Amino acid sequence: MLKNLCLAVTAATYLGFSNPAVILAQDTPSGEIERYYDVLHDAWTRADELGFSGRFELLEPAIRDTFNMPYIAQFTVGRYWKKLTDDQRVVLIDAVTRLSAATYASRFDKYSGEQFKVLSESQTDRGDLLVLTNIIDSKGDPVDINYLMRQNSEDWRIIDIYLKGSISELATRRSEFTSVMKREGFDGLISAINKKVAGLEE
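Okay, so let's go over this structure.

Parameters and conventions
Residues numbered from 1 in each chain as written. Predicted model: local features only at pLDDT ≥ 70, side-chain atom pairs only at ≥ 80, totals over all residues. Heavy atoms only, no water. Core = buried A, V, L, I, M, F, W, Y, C linked by side-chain atoms within 4.5 Å. Buried < 20%, exposed > 50% of the residue type's maximum accessible area, 1.4 Å probe, protein only. Contact = heavy atoms within 4.5 Å. Pairing = 2+ DSSP bridges. Helix = DSSP H or I, 4+ residues; strand = E, 2+ residues; numbered from the N terminus. 1 Å grid on protein atoms, 1.4 Å probe; cavity = no way out; pocket = protein on both sides within 12 Å on 5 of 7 lines; lining within 4 Å. Points joined across faces, edges and corners; volume = space filled by probe spheres on them. Nonpolar A, V, L, I, M, F, W, Y, C, P; charged D, E, K, R; others polar.

**Points about the nonpolar core**
Ranked by size, the top nonpolar core spans 49 residues in total, and within it Y36, Y37, L92, Y147 and I193 carry the most contacts. In contact with Y36, not counting residues within four places along its chain, are A62, I63, T66, F67, Y104 and Y147.

Here it is, written out as structure tokens:
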């Protein structure tokens with residue numbers, strides 16, 4: 001469906017037509033998730049062909065484009081963010097992005113006919129949007145994965161994922177990262193993240 005929509009917009013562009021309704025549909029939060037799922041599904045269905053490194057290279061730019069990685073990196077270290085230099089913040093954002101890409105490249109390594117389905121959007125009290133989705137497993141059973149999205153300028157970006165509908169991935173990572181920061185400082189955290197990424201490659 002999304003692929004056909006993209007082809008329609010491309011054709012309209014080349015033919016000199018403009019369809020604001022179609023273009024707007026691509027810019028919705030659900031549209032962002034659809035595009036991300038297209039890349040994730042491509043990596044998953046070609047898992048053996050691509051290998052870990054190929055899946056990583058395919059997913060990393062999609063994650064940078066779809067997730068608000070500066071916000072996520074800041075949230076994961078909590079109050080320690082204020083103590084970091086600008087250079088350290090850049091290093092942390094890059095490390096967290098690589099960890100996310102490596103995690104998904106590792107998780108989606110065997111495809112058995114699973115499908116992604118975007119269900120609906122609902123607005124939160126803070127003005128963010130929750131996009132409800134399923135992964136339909138090979139037996140046809142749905143697994144809830146919901147995305148909390150926030151508008152950044154004119155774009156919508158993911159700021160958290162709720163696994164099984166309610167388990168915040170961001171809160172889990174914050175608990176882990178702040179604990180490492182408290183014990184080992186910034187260099188210890190970056191070292192720990194790098195080790196995680198290396199471990200996922202194996």
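**A short note on the sheet that holds strand β2 (residues 129-136)**
Pairing within the open sheet is antiparallel, and its five strands lie in the order β1-β2-β3-β4-β5. In this open sheet, the two edge strands, each paired with only one partner strand, are β1 (115-123) and β5 (167-168). Of the strand pairs in this sheet, β2 and strand β3 (residues 142-152) are connected by eight bridges, and their pairing is antiparallel. Bridged to L130 within β3 is L148.

**Quick look at empty space enclosed by the protein**
Going through the model one piece at a time under the given rule, you end up with one cavity of 30 Å³ or more. Roughly 120 Å³ of volume is contained in the largest cavity. For the largest cavity, the full set of lining residues is F67, I72, S100, Y104, I158, I159, D160, I161, E169, L170 and R173. The set of elements that each furnish at least two residues to the lining of the largest cavity consists of α6 (86-107), β4 (155-163) and α7 (169-201). With four residues, β4 is the largest single contributor of residues to the lining of the largest cavity. For the lining of the largest cavity, the per-class residue count stands at seven nonpolar, one polar and three charged.

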